[in-house]
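Take a look at the letters that make up each chain.
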Amino acid sequence: MASFFRKQIAAKLGEALQHSEDAFIPALTAVPVLKKQNAADFKLSVSTLRMNGILPTSGDVQLQAENLATQLKQDSVLEHIFADRGAIHFKVNNKLLVQLLEPFGKGEDEKFGLSSDLFDTLKRGTTLVEYSSPNIAKKFHAGHLRSTIIGNFIANLKQSLGNNVIRMNYLGDWGMQFGLLGAGFGQFGCQEKLKESPLQHLFEVYVRVNKEAEHNEGLKEAARDFFRQLEQHESQALSLWQQLREITVKEYQHVYKRLGVHFDIYSGESFHQNQAQEVVQQLQSRGLLTKSKKGTGVVDLSPDRDMGSLCTVVRSDGTTLYITRDLAAAVDRKEKYNFDEMIYVTDKSQSNHFQQLFQVLLAMGHSWADRCHHVPFGLVQGMKTRTGEVVFLEDVLDEARARMLQNMSQSKTTKEMNNPEDTAEKVGISALIVQDFKGPLQSDYKFDWDRMLQAQGDTGVFLQYTHARLCSLIQRNDGLEAATFESSVLIEQACIAILQHLLRYDEILYQSAQDLQPKHLVNFLLKLCHLVASAHRELPVKGSPQHVAQARFRLFSAACSVLANGMRILGITPVDKM
Ligand code: ARG
């Protein structure tokens, strides 16, 4: 329906300006719901039309808007058209707004907003999203948690918009840490403890070996030796490495499942050891590799080729680096999966790494590197549990669940339920996600258990609470679901506000697909919950005449569906009861 209104407006503009209608569709925006009553539903700013070369760039913007507004005739769909502050505003007939509710209750609730014309210009194809990517035996830090949930959101979003999505985890499963682990495991490792709590034990061994190696030259030598054996594929070293990797992946899979996250592929740096050497040879044969004074192999990325900006791809001892493996991995992924775009999700400290990666790929003649993107995010400060600093993802999830369980047991509104732990887990995770997604991804933020778990604030708990409340309303009024309903009764401002808000959903998804920021969707859903709360107070379903009850029921079920759909894209599993 949002699409219908956009088309109507575009057709009018197309006619008045003698221009193809398509140009206007993405330029129109649905106006956010404001308290004041007769705000417009859509607007189009003259500066956008100027930018697109549709209007001349000279003259007064407001005057241009006024001229254009007088050329556009009002009709039964677009009731009011006016110019204000350099933009044309369109007010849709409120009676037609109700038709937004048509698609609901027909088993197609999940598709709401997804078939909008807005998406016509978006390319659909194969998107490879690489996220989470922790390092074996090392700490799973807040950055890995952010990468995990942000990558999952991007993958979900792309998938809902019709892309074929490949979800990849690129493990840090190679490098000197394995040399140390391999050398130290014999001394400090214990197979039993490894079975009992693998991640913890590996981390313990890793920390211990690192400490020991500081003043133990022999151990350092043994570590280098072990890593050399690994690189030469010696079977004993390789089999220990493999065991440690397998156990780790299995543990992670378990935690990812709690988070509602999955991967199609567990790849890792180890897969690209040999290919990395091939990349070095290719760089050499293309004349891109230079030897630096220090004896390392570098690629000169400065525009004037004056060695002003260098990317090191080979160490002086001939071994490859993190970036060399990334070069090989990118080429390999393109060959294997032929993606149309690839997205890497890591903290912003790696921005330079990825810019260099894409530049070297381009220099090698891989023009598809233009369709590789890095989504950077900021740091999280102070992620701690009651027992101290976080080392494992599982600890964060346990703490979120425990705290939520406690809050639930203290709240008077908490319902009886079969599995309160499960509910507390889902709600706790949504609190983590919403806290993380509320602002721009690039910003740093302070981790705050109390604030994120507030039931009343703009939190994941509030989203879940609203969803559960809507589910209970739907359940209590079972049987009110009607094939047709009398739309003319939905006239109160509280109804109209929800409808006007739903009008923006496709645009919110469109915006999210453009900049891959989850904040648009989070803030949209939070606003929806506030509007639902007012409507809930003002518009009773029970006790109203049948036709009114039916229409309101439809409005609330639509809101419930959109809320659930949006939450799922964010990576949140909606609960029906809490
Ligand atoms: N394992 C890396 C780390 O923890 C992140 C990997 C990011 N992906 C990549 N293709 N380099 O920092």
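Summary of the structure given here.

The rules behind each value
- Residues numbered from 1 in each chain as written.
- Predicted model: local features only at pLDDT ≥ 70, side-chain atom pairs only at ≥ 80, totals over all residues.
- Heavy atoms only, no water.
- Axes fitted to C-alpha atoms, helices over the stretch in contact; angles between N-to-C directions.
- Helix = DSSP H or I, 4+ residues; strand = E, 2+ residues; numbered from the N terminus.
- Parallel < 35°, antiparallel > 145°, perpendicular 65-115°, else oblique.
- Contact = heavy atoms within 4.5 Å.
- Nonpolar A, V, L, I, M, F, W, Y, C, P; charged D, E, K, R; others polar.
- Patch = residues over 30% accessible without salt bridge, like charges linked within 9 Å, V, L, I, M, F, W, Y side chains within 5 Å.
- Areas by Shrake-Rupley, 256 points an atom, 1.4 Å probe, with all protein chains shown as cover.
- Salt bridge = Lys/Arg side-chain N within 4 Å of Asp/Glu carboxyl O.
- Lys, Arg positive; Asp, Glu negative; His and termini not counted.
- Charge placed at Lys NZ, Arg CZ, Asp CG, Glu CD.
- Core = buried A, V, L, I, M, F, W, Y, C linked by side-chain atoms within 4.5 Å.
- Buried < 20%, exposed > 50% of the residue type's maximum accessible area, 1.4 Å probe, protein only.
- Pairing = 2+ DSSP bridges.
- Near = heavy atom within 4 Å.
- Polar contact = N/O pair within 3.5 Å; in protein donor to acceptor, adjacent residues only side chain to side chain.

Digging into the packing of helix α15 (residues 420–437) against helix α17 (residues 460–476)
Interhelical geometry of α15 versus α17 gives an angle of 130° and a closest axis separation of 7 Å. In terms of orientation, α15 lies oblique with respect to α17. Contacts from K426, V427, S430, A431 and V434 of α15 reach α17 at G460, V461, L463 and Q464. Residues of the contact of α15 with α17, tallied by class, amount to five nonpolar, three polar and one charged.

A look at a negative patch on the surface
Among the surface-exposed residues, E15, E21, D22 and D120 lie close enough to one another that they form a single negatively charged patch. Residue placement: E15 occurs in helix α1 (residues 2–17).

Regarding the nonpolar core
Of all hydrophobic cores here, the largest spans 145 residues; its most connected members are F42, F90, L101, I154, L463 and L521. Of all the elements, helix α21 (residues 546–570) adds the most residues to this core, at 14 residues. Once residues lying within four places of it in the same chain are set aside, the contact partners of L101 are F485, L490, L499, R554, L555 and A558. The next biggest cluster of nonpolar side chains, apart from the first, holds 31 residues, and it includes V299, V331, L361 and M364.

Topic: a positive patch on the surface
Residues K415, R469, R476, R537, K542 and K577 make up a contiguous surface patch of positive charge. Its location among the elements puts K542 in the loop between α20 (519–538) and α21. Looking at K542, the relative accessible area reads 57%, which means it is exposed.

So, the sheet that holds strand β9 (residues 297–300)
The three strands lie next to each other as β8-β9-β10, forming an open sheet whose pairing is antiparallel. Each end of this open sheet is capped by a strand with a single partner; those strands are β8 (289–291) and β10 (310–314). Looking at each pair of strands side by side, their axes are set apart by 45° on average, direction ignored. Here four bridges tie β9 to β10, and the two strands are oriented antiparallel to one another. Residue pairing for β10: V298 is matched across the bridge by T312.

Some thoughts on the pattern of salt bridges
For the structure on display, the rule yields 30 salt bridges. Note that E394 and R258 form a salt bridge whose closest N and O atoms lie 3.6 Å from each other. With E394 in helix α14 (residues 393–410) and R258 in helix α10 (residues 235–259), this residue pair connects regions lying 136 residues apart in the sequence. Using a relative accessible area of 26% as the deciding quantity, one classes E394 as partly exposed. Classification of R258 by relative accessible area gives buried; the value is 17%. The partner of R401 in a salt bridge is E425, with the nearest N and O atoms 3.2 Å apart. Of the two residues, R401 sits in helix α14 while E425 sits in helix α15, which places them 24 residues apart along the sequence.

Regarding the sheet that holds strand β4 (residues 87–92)
Two orientations exist for strands paired in a sheet by backbone hydrogen bonds: parallel and antiparallel. Read across the sheet, four strands follow the order β1-β2-β4-β3 without closing on themselves; strand pairing throughout is antiparallel. The sheet is open, and its two edges are formed by β1 (29–30) and β3 (78–84), each paired on a single side.

Details of the site of the ligand
Taken together, E130, S133, N135, H144, Y170, Y322, D326, Y344, T346, Q350 and F354 are the residues near the ligand. Contacts to the ligand include H144, whose side-chain N or O atom sits 2.8 Å from an oxygen atom. With respect to the ligand, the side chain of Y322 contributes an N or O atom lying 2.7 Å from a nitrogen atom. For the ligand, whose unbound accessible area comes to 350 Å², protein coverage reaches 90%. Elements represented by at least two residues in the shell around the ligand include exactly α12 (322–337) and β11 (341–347). For the shell around the ligand, the class distribution of residues is four nonpolar, five polar and two charged.

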